[in-house]
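Overview (structure and organization)
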Amino acid sequence: MKGPDRADATLDDDAAELIAQLRELAGADPADVRQVVAEVLAALDRAAGGALREHLPEAIRVDAGLDAGGPVRR
């Protein structure tokens, strides 16, 4: 594989791994799942320079610790 085909294959592999992990998590304790999702959202928001929180509903921002007035949970 060369160029874009290789990159696409890598992305497909990464996506498949993430899907498998999410499926495994789906059977876990709901509180644990919420915590993982909150941590992922916080990490994505940090990576986006705080821009992600602007696109999330208020309830999700608060639950993930991304509300405008509070610090991001780590």
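In this text the structure is predicted, and so the values were computed from the model without any measurement.

**Thoughts on the confidence of the model for the protein**
With 73% of its residues at a pLDDT of at least 70, the protein reaches an overall mean of 77. For the protein, helix 1 (residues 3-26) is the element with the lowest average pLDDT, namely 72, and helix 3 (residues 58-63) is the one with the highest, namely 88. Predicted confidence for residues 70-74 stays below pLDDT 50, and this span has 16 contacts to residues more than four positions away or in other chains.

**Some details on a negative patch on the surface**
Side chains of Asp12, Asp13, Asp14 and Glu17 sit close together on the surface and give a patch of like negative charge. Residue position: Asp14 is located in helix 1.

**Remarks on the pattern of salt bridges**
Counted by the stated rule, this structure contains two salt bridges. In this structure, Asp63 and Arg34 form a salt bridge, with 2.7 Å as the shortest nitrogen-oxygen distance. You can see Asp63 sitting in helix 3 and its partner Arg34 sitting in helix 2 (residues 30-47), a full 29 residues away along the chain. Residue Asp45 is joined to Arg53 by a salt bridge in which the shortest nitrogen-to-oxygen separation is 2.3 Å. Given the relative accessible area of 1%, Asp45 is considered buried.

Rules behind the numbers
Residues numbered from 1 in each chain as written. Predicted model: local features only at pLDDT ≥ 70, side-chain atom pairs only at ≥ 80, totals over all residues. Heavy atoms only, no water. pLDDT = per-residue confidence, 0-100. Helix = DSSP H or I, 4+ residues; strand = E, 2+ residues; numbered from the N terminus. Contact = heavy atoms within 4.5 Å. Patch = residues over 30% accessible without salt bridge, like charges linked within 9 Å, V, L, I, M, F, W, Y side chains within 5 Å. Areas by Shrake-Rupley, 256 points an atom, 1.4 Å probe, with all protein chains shown as cover. Salt bridge = Lys/Arg side-chain N within 4 Å of Asp/Glu carboxyl O. Lys, Arg positive; Asp, Glu negative; His and termini not counted. Charge placed at Lys NZ, Arg CZ, Asp CG, Glu CD. Buried < 20%, exposed > 50% of the residue type's maximum accessible area, 1.4 Å probe, protein only.

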